[in-house]
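Fold and contact review
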Amino acid sequence: MKKKLIAGNWKMNGSLAANASLLEQVLAGLPADPCIVAVCAPAIYVQQVAGLTQGTAIAVGAQDVSAHDAGAYTGEVSASMLRDLGARYAIVGHSERRQYHGETDALVAIKAQKALAAGVTPVVCVGETLAEREAGRTEEVVRRQLAAVIHLNGHCISEIVVAYEPVWAIGTGKTASPEQAQEVHAVLRAQLQSATPQAERIHILYGGSMNAANAAQLLAEKDIDGGLIGGASLKAVDFLAIIAAASAA
Ligand code: PGA
């Protein structure tokens with residue numbers, strides 16, 4: 001069985017001092033044979049985190065990449081720049097970017113393509129809003145979001161990571177039940193299976209208020225290969241408890 005992947009999403013939090021202190025605590029508490037661990041830091045801190053985690057079991061990721069390679073795109077950061085600083089992963093299509101920055105399925109697919117081309121593993125986020133779930137549209141929405149990425153990146157789709165993050169569960173303290181999450185993960189796995197014979201090796205993460213108390217149960221589900229952790233990744237004790245659960249799963 002493949003190792004689980006636990007990725008922290010620090011969002012727009014941290015400082016040079018706070019990052020160093022958090023990483024010091026997490027590194028000191030890692031189990032002997034940990035699951036795969038990554039922390040997705042604000043772009044400006046990727047180099048710092050890469051330096052502090054060099055030679056350790058923690059990989060560094062970014063939270064977004066530009067849809068462009070280079071040029072007159074003021075304020076943008078390209079996938080190759082992030083790779084240059086040490087980023088191994090990049091979240092793309094997080095619901096906060098879809099919601100606050102108007103990112104479309106087509107744009108997210110291009111961002112995944114740019115990450116792959118730079119040798120950065122895209123963590124492609126999909127997930128329905130509460131209104132969409134209540135309207136019975138969950139499957140249709142996540143399939144549409146993933147389809148755009150598969151359409152553009154079909155030839156290397158086995159290189160991506162998928163994160164199922166129901167929007168209603170992010171930062172709200174409301175978690176999808178293990179059964180609810182597994183149901184959607186199975187849909188995503190089947191969709192990946194029709195795109196590649198290597199779908200089993202793709203990590204499908206759950207994200208949305210995953211914490212020390214609910215991680216083990218979620219991670220016990222067949223198609224839940226890890227977690228994308230927001231709030232709980234900022235507290236060493238909580239992040240370590242999730243890593244411990246994933247390492248034992
Ligand atoms: P949360 O965030 O764990 O704080 O709910 C998850 C995410 O947005 O990736």
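Preceding this paragraph is the structure being described.
All of the points below concern the structure found in this document. (Residues numbered from 1 in each chain as written. Predicted model: local features only at pLDDT ≥ 70, side-chain atom pairs only at ≥ 80, totals over all residues. Heavy atoms only, no water.)

Counting 66 residues, the largest nonpolar core has Val26, Val162, Leu188, Leu192 and Tyr206 as the members making the most contacts within it. In terms of residue count, the dominant contributor to this core is helix α10 (residues 236–248) (7 residues). Excluding residues within four positions of it along the chain, tyrosine 206 makes contact with Tyr164, Pro166, Ala169, Thr175, Ala176, Ala181, His185, Leu218, Ile224, Gly226, Gly227 and Leu228. Within the second largest apolar cluster, 13 residues are counted, among which are Leu5, Cys40, Cys125 and Leu205. (Core = buried A, V, L, I, M, F, W, Y, C linked by side-chain atoms within 4.5 Å. Buried < 20%, exposed > 50% of the residue type's maximum accessible area, 1.4 Å probe, protein only. Helix = DSSP H or I, 4+ residues; strand = E, 2+ residues; numbered from the N terminus. Contact = heavy atoms within 4.5 Å.)

This part covers the site of the ligand. Lining the immediate surroundings of the ligand are 13 residues, of which Lys11, His94, Glu165, Gly171 and Ser209 lie closest. Taking serine 209, its main chain carries an N or O atom lying 2.8 Å from an oxygen atom of the ligand. Here the ligand, which alone exposes 280 Å², has 95% of that area covered by the protein. In terms of residue class, the shell around the ligand is made up of 4 nonpolar, 7 polar and 2 charged. (Near = heavy atom within 4 Å. Polar contact = N/O pair within 3.5 Å; in protein donor to acceptor, adjacent residues only side chain to side chain. Areas by Shrake-Rupley, 256 points an atom, 1.4 Å probe, with all protein chains shown as cover. Nonpolar A, V, L, I, M, F, W, Y, C, P; charged D, E, K, R; others polar.)

The alternating pattern of strand β6 (residues 161–164) places Val161 and Ala163 and Val162 and Tyr164 on opposite faces, both of which are buried. For strand β5 (residues 121–126) and β6, the ladder comprises 4 bridges, and the chain directions are parallel. Across the sheet, residue valine 124 finds its bridge partner in β6, namely valine 162. Sheet topology note: the β6/strand β7 (residues 204–207) ladder contains 3 bridges and is parallel. By the bridge assignment, alanine 163 is partnered in β7 with leucine 205. The handedness of the β6 to β7 crossover, carried by helix α8 (residues 178–193), is right-handed. (Pairing = 2+ DSSP bridges. Right-handed = clockwise from strand over helix to strand, strands pointing away.)

Taken as a whole and assessed by the stated rule, the structure comprises 16 salt bridges. Residue lysine 11 pairs with glutamate 96 through a salt bridge whose shortest N-O separation is 2.8 Å. Taken together, the residues lysine 11 in the loop between β1 (5–9) and α1 (16–29) and glutamate 96 in helix α4 (residues 95–100) connect sequence positions 85 residues apart. Among the residues examined, lysine 11 registers a relative accessible area of 22% and is labelled partly exposed. Residues aspartate 64 and lysine 111 are paired through a salt bridge, measuring 2.9 Å at the closest nitrogen-oxygen approach. Here aspartate 64, found in the loop between β3 (58–62) and α3 (79–85), pairs with lysine 111, found in helix α5 (residues 105–117); they are 47 residues apart in sequence, far enough to count as distant. (Salt bridge = Lys/Arg side-chain N within 4 Å of Asp/Glu carboxyl O.)

Before going further, it helps to spend a moment on the sheet that holds β3. Spatial strand order, β1-β2-β3-β4-β5-β6-β7-β8: 8 strands in a closed barrel with parallel pairing. For this sheet the average axis-to-axis angle between neighbouring strands, irrespective of direction, equals 25°. Relative to strand β2 (residues 36–40), β1 runs parallel, the two being bridged by 5 bridges. Its bridge partner being in β2, glycine 8 is matched across the sheet by valine 39. With respect to the sheet, α5 is in contact with β4 (89–92) and β5, its orientation differing from that of β5 by roughly 160°. The strands touched by α10 within the sheet are β1, β2 and β8 (226–229), with β1 carrying the most contacts at an inclination of about 160°. (Axes fitted to C-alpha atoms, helices over the stretch in contact; angles between N-to-C directions.)

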